[in-house]
Amino acid sequence: MQFDSEVDAIGLKCPLPILKCKKAISQLNASEVLKISATDKGAVKDFQAFCKQTGHTLLEQTQIEDTFIFFIKKRET
């Protein structure tokens, strides 16, 4: 999937993956896509909740071995 920016949150524990995502997504334009890689097992529920609360769209969520990969589209303003 194509993306406009990427956050590496591998090895970070909650709440750091969400905080890094929030900072990165604030720098994107509307409808741009952020890719986040994380290893914290809680990230799956955290990013689902983050998108629901903020209005951003979780386009895709996959797991490759111990790494979770999320693609989040920034909401229209």
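Residues numbered from 1 in each chain as written. Predicted model: local features only at pLDDT ≥ 70, side-chain atom pairs only at ≥ 80, totals over all residues. Heavy atoms only, no water.

Trainee: Explain the pattern of salt bridges to me, please; I cannot follow it from the model alone.
Mentor: Side-chain pairs of opposite charge can arise where the charged atoms are in close proximity. The final tally for this structure, using the stated rule, is 1 salt bridge. Of the charged contacts, one joins lysine 35 and glutamate 6 as a salt bridge, the two residues approaching to 3.7 Å between their closest N and O atoms. One end of the pair, lysine 35, is in strand β2 (residues 33-38); the other, glutamate 6, is in strand β1 (residues 5-9), with 29 residues separating them in the sequence. You can call glutamate 6 partly exposed: its relative accessible area is 46%. (Salt bridge = Lys/Arg side-chain N within 4 Å of Asp/Glu carboxyl O. Helix = DSSP H or I, 4+ residues; strand = E, 2+ residues; numbered from the N terminus. Buried < 20%, exposed > 50% of the residue type's maximum accessible area, 1.4 Å probe, protein only.)

Trainee: I tried to follow the sheet that holds strand β4 (residues 67-73) on my own but got confused; where do I start?
Mentor: Each strand in a sheet pairs with another by means of backbone hydrogen bonds, the pair being arranged parallel or else antiparallel. Pairing within the open sheet is mixed, and its 4 strands lie in the order β1-β2-β4-β3. The open sheet is flanked by β1 and β3 (57-64), the only strands paired with a single partner. Taken pair by pair, the neighbouring strands of this sheet meet at an average axis angle of 15°, ignoring direction. Two strands pair when backbone bridges link them, and β2 and β4 are joined in this way by 6 bridges, in the antiparallel orientation. Residue lysine 35 lies in a different strand from β4, and its bridge partner there is phenylalanine 71. The sheet contacts of helix α2 (residues 43-54) involve β2, β3 and β4, and relative to β4 the element is tilted by about 5°. (Pairing = 2+ DSSP bridges. Axes fitted to C-alpha atoms, helices over the stretch in contact; angles between N-to-C directions. Contact = heavy atoms within 4.5 Å.)

Trainee: What's the story with the packing of helix α1 (residues 16-26) against α2 in this structure? I'm lost.
Mentor: When two helices pack together, their arrangement is given by the angle between the helix axes and by the axis-to-axis distance. Taken N-terminus to C-terminus, the directions of α1 and α2 make an angle of 35°; their axes are 10 Å apart at the nearest point. Where α1 crosses over α2, the two elements pack in a sense that is right-handed. Facing Pro17, Ile18, Cys21, Lys22 and Ile25 of α1, the residues of α2 in contact are Asp46, Phe47 and Phe50. Partitioning the contact of α1 with α2 into residue classes produces 6 nonpolar, no polar and 2 charged. (Left-handed = near helix turned anticlockwise from the far one by under 90°. Nonpolar A, V, L, I, M, F, W, Y, C, P; charged D, E, K, R; others polar.)

Trainee: Sorry, what's going on with the nonpolar core here?
Mentor: A general feature of soluble globular proteins is that nonpolar side chains tend to end up buried together. If you look at the biggest cluster of nonpolar residues, it comprises 18 residues, and the most contacted ones within it are Cys21, Leu34, Ile36, Phe47, Phe50, Phe70 and Ile72. Among the secondary structure elements, those contributing two or more residues to this core are β1, α1, β2, α2 and β4. Here this core takes 5 residues from α2, the largest share from any one element. Excluding residues that lie within four positions of it along the chain, cysteine 21 makes contacts with Leu34, Ile36, Phe47, Phe50 and Ile72. (Core = buried A, V, L, I, M, F, W, Y, C linked by side-chain atoms within 4.5 Å.)

Purely geometric numbers; function is a separate question.
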